[in-house]
Amino acid sequence: MTEASDLSMFVSHGAAGTAHMTLAVEGVGCAGCIRKIEGGLKQLPGIVDARLNFTTRRLAVDWHEDELDAAAVIEAVERIGYRAHPFEPERAETDEAQQARWLMKCLAVAGFAAMNVMLLSVSVWSGSDMTPLTRDFFHWLSALIALPAAGYAGQPFFQSALRAIRARHLNMDVPISLGVILALGMSVVETAAHAEHAYFDSAVMLLFFLLCGRYLDHAMRRKTRAAAANLAALKAEFAHRLEDSGEVVRLPAAAVKPGDRLLVRPGDRIPADGAVISGTSEIDESLVTGETEHRKITAGALVYAGSLNFSGALTVRVTAAEGGTLIDDVERLLQKAIEAKSRTVRLADRAARLYAPFVHATAALTVIGWLLAGASLHDAVVTAIAVLIITCPCALALAIPAVQVVASSRLFRSGVILNAGDAIERLAQVDTVIFDKTGTLTLPEPRLEGASPVAPEMLERAARLALSSHHPLAAALAHEARERVPYANAVEEPGRGVRVHIEGSEARLGSREFCGVAARDPHRIGSQDGLSMIAFAHAGREAIFAFRQRIRPDAEAVVAGLRAHGLDVRVLSGDRASAVAPVAAALGLQDWIAELKPAGKIAVIERLKAQGRRILMVGDGLNDAPALAAAHVSMSPISAADITRAQADAVFLGERLLPVLEAVESARAARRLMTQNLWLAVIYNTIAVPIAIAGYVTPLIAALAMSGSSSLVTLNALRASRRPDGAGS
Amino acid sequence: MNVLVYLVPVALGLGLAGLAAFLWSLRSGQYDDLEGAALRILPDDDLEG
């Protein structure tokens, strides 16, 4: 079947009739893939350029518009053997790429300056026979390099410090900026006075170390964001719009507007909220409400984005959210929950708030102390500035980001993508875990539960035939196929089933009526509740396959693991009690509540919060979105509804629930390391500050102390990459 | 010590040249795909041709 595609929202137009599009490509894994995709595309007439970025798994294509269109480009990639998904780079992502580039430039300038100033400084330190004239020359040269370099490379810190001061708080950048500016200012004054010591090297080296930390932190966040955006592109749904001419146009769901008429075929997800104009079907709303029982719908019924259409084709008119619908309810609750959310004070800011006043008071006391002891004003001020330089929170500023970078890249490898910068800190504080049932504790798709007694070759034939069907249950059955090649000539009759001729007789897979299979005693395949069935008939033999939402394979172990860490585990579900009870029983959970509306979930969470609990909410349904926002920290599986996934602080991949346990364990380990690092910084200061107050700090000691303490906290942070003890099995 | 008067600027000039080269390579996008760059040298396109 050919149908027109409208991909205009992804295509940007260049000069001379060329068009540009970015695609997220699945399945790229080796050097050969780059050549196959780029080479294959470039052979196509009309392609101007194709370049695959292996790091981000994105393909940038330029082509002449009069020779090709976007759909043909995607088709060409698919012919080469890869699945490509059009991709609209988010504005936030381009902004961040620019920010990263700027940080890298600052880092390069600071690195250049640090190396050259250090070259001059080492000569001054080791040249005991150096004449004062040469020393002054070297100091002035250092100033010439350090001042412009610090003025450029220090901007990230100065700007952030200014913002903080304007908003009347203190962050770590305030003492950093102060330390750098004072060190440079004092050094210029001292150099002009032909003094022996100048701190240009300390100031620039400090900037270099801090920029390293900041760049790594930024790069890690950018990497996870890019991965999340790719996954969103991979998951992006397409809609089929019915034009007035009767033509069907395939377009991205994001381009659908209210008033459009959409055609929803069996096996498709409903791409937007709307009202059914014609058609009857059963839909699975488990992603919306958590309800596993299918709902029968006819013309006039309201349907929600994310529902899965099971049996018949539907025509849906897209409507904007109106008062009283579920979506409206969810959005109102979500808004309230986000507004009520108190921002947690991050560990680094807490440390800065304690640290900055302490340091500045110490410096002031140093001036007063030395003046009282009879020193000259100049000596007293120089000593005080040395105190500020040596306490400049280099180690402190690296202590937390370094751990964060290492821990989030470890989580990334185990399939957890962090959306929020402070998710690790908040995860570490959790004492209660609340799971949604449908799609979170259970797998998002139904799995084959049992079959009436059936011969293995019957199962294999049915499973292979299922490969040709779009029906969601058929997709579950197709998992069982050993030979993953669909039968040639298989015909799908939408809403009824598939048929094909095998060895001279017709085989049918689909509804019981379609296959001519009589209803049977349901007890032969176990409990009827929550089961969906399809039938198979071939050459006079018949079989019935039953499907059920299965619990994730490692859910029991993960729940036990969470409890072993002293966490209280509960289940809040929108599904019927009869569906929740067996799941809770299988996992050994006593605390569960069923048939909760979104507002009900929030009420439970608020009650627990009032008791001082810190809650991790794990959910996937649209109905969970407000609860996710209300909880202290939240996670959702990648299969979650779009709004919900956007709310979650972390998203996890795969069929297993283990990432939830690993996230909590890694976060706790990371939090321990952060505290350790903060203590290391404190110990460093308790040793260095008395030396500085006593007036014994030379630029050499300052340089050694700073690089030593920074390396120590960074090395300690690397321990966050180890698997936490006893994680998983 | 007079030698320093021209040796130091020469050293600085070389350092600046390195910095300029790095900034140029950054601007021309050479660090946008580090993993890909490592793999692109592997296929022997030139030998088959």
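Residues numbered from 1 in each chain as written. Chains lettered and ligands numbered in written order. Predicted model: local features only at pLDDT ≥ 70, side-chain atom pairs only at ≥ 80, totals over all residues.

## Considering the overall build of chain B
To keep things clear, this is the line we draw: In DSSP terms, a helix is any run of H or I states spanning at least four residues, a strand is any run of E spanning at least two, and both are numbered starting from the N terminus. Here a residue counts as buried when 20 or more other C-beta atoms sit within 10 Å of its C-beta, as exposed when there are 12 or fewer, and as partly exposed otherwise, the C-beta atoms being derived from the backbone.
Scanning chain B from N- to C-terminus turns up 3 helices and 0 strands. Along the chain direction, N to C, the helices and strands of chain B fall in the order α-α-α. Taken over 49 residues, chain B has a buried fraction of 0%.

## With respect to the domain arrangement of chain A
Note on interface size: it is often stated as the accessible area lost on association of the parts. The criterion, for reference: Segment limits for the domains were obtained from an automatic or database-derived domain assignment.
Split by domain assignment, chain A resolves into domain 1 (1–89), domain 2 (95–223 + 348–404 + 669–721), domain 3 (238–320), domain 4 (415–442 + 553–668) and domain 5 (445–551). Distance from the C-alpha centre of domain 2 of chain A to the C-alpha centre of domain 3 of chain A: 60 Å.

## Digging into the nonpolar core
Residue and element names in this part refer to chain A. Keep this limit in mind: We define the nonpolar core as any set of buried residues of the types Ala, Val, Leu, Ile, Met, Phe, Trp, Tyr and Cys, connected via C-beta atoms lying within 7 Å of each other. Contact between two residues is assigned whenever their backbone-derived C-beta positions fall within 7 Å.
Among the nonpolar cores identified, the biggest contains 167 residues, and Ala110, Ala203, Val204 and Leu207 are the most heavily contacted of them. Per-element tally for this core: the top contributor is helix 22 (residues 658–693), with 16 residues. Setting aside anything within four residues of it in sequence, one finds Leu207 in contact with Ala110, Ala150, Ala153, Gly154 and Val180. One finds Leu465, Ala466, Ala543 and Ile544 within the second-largest nonpolar core, a separate group that totals 25 residues.

## Overview of helix 6 (residues 173–192) of chain A
Residue and element names in this part refer to chain A. Our working rule: A helix is expected to span 1.5 Å for every residue after the first.
In this model helix 6 runs 28 Å from its N-terminal to its C-terminal C-alpha over 20 residues, within 8% of the 28 Å that 1.5 Å per residue would give. Restricting attention to buried positions, one finds in helix 6 the residues Asp173, Val174, Pro175, Ile176, Ser177, Gly179, Val180, Leu182, Ala183, Leu184, Met186 and Ser187. Where the residues of helix 6 are buried, they touch helix 4 (132–153), helix 5 (155–166), helix 7 (200–235), helix 9 (347–372), helix 10 (377–391) and helix 11 (394–413). Residue His194 follows helix 6 closely and has a positive phi angle near 55 degrees.

## Concerning the confidence of the model for chain A
Residues and elements named next belong to chain A. Applicable threshold: Values of pLDDT, which run from 0 to 100, indicate the predictor's confidence residue by residue.
Confidence in the prediction for chain A averages 83 pLDDT; 94% of positions are at 70 or higher. Of all helices and strands in chain A, the one with the weakest mean pLDDT is strand 1 (residues 4–5) (73), whereas strand 17 (residues 432–435) scores best (94). Counting contacts from residues 522–527, a segment whose pLDDT is below 50, to residues more than four positions away or on other chains yields 8 contacts.

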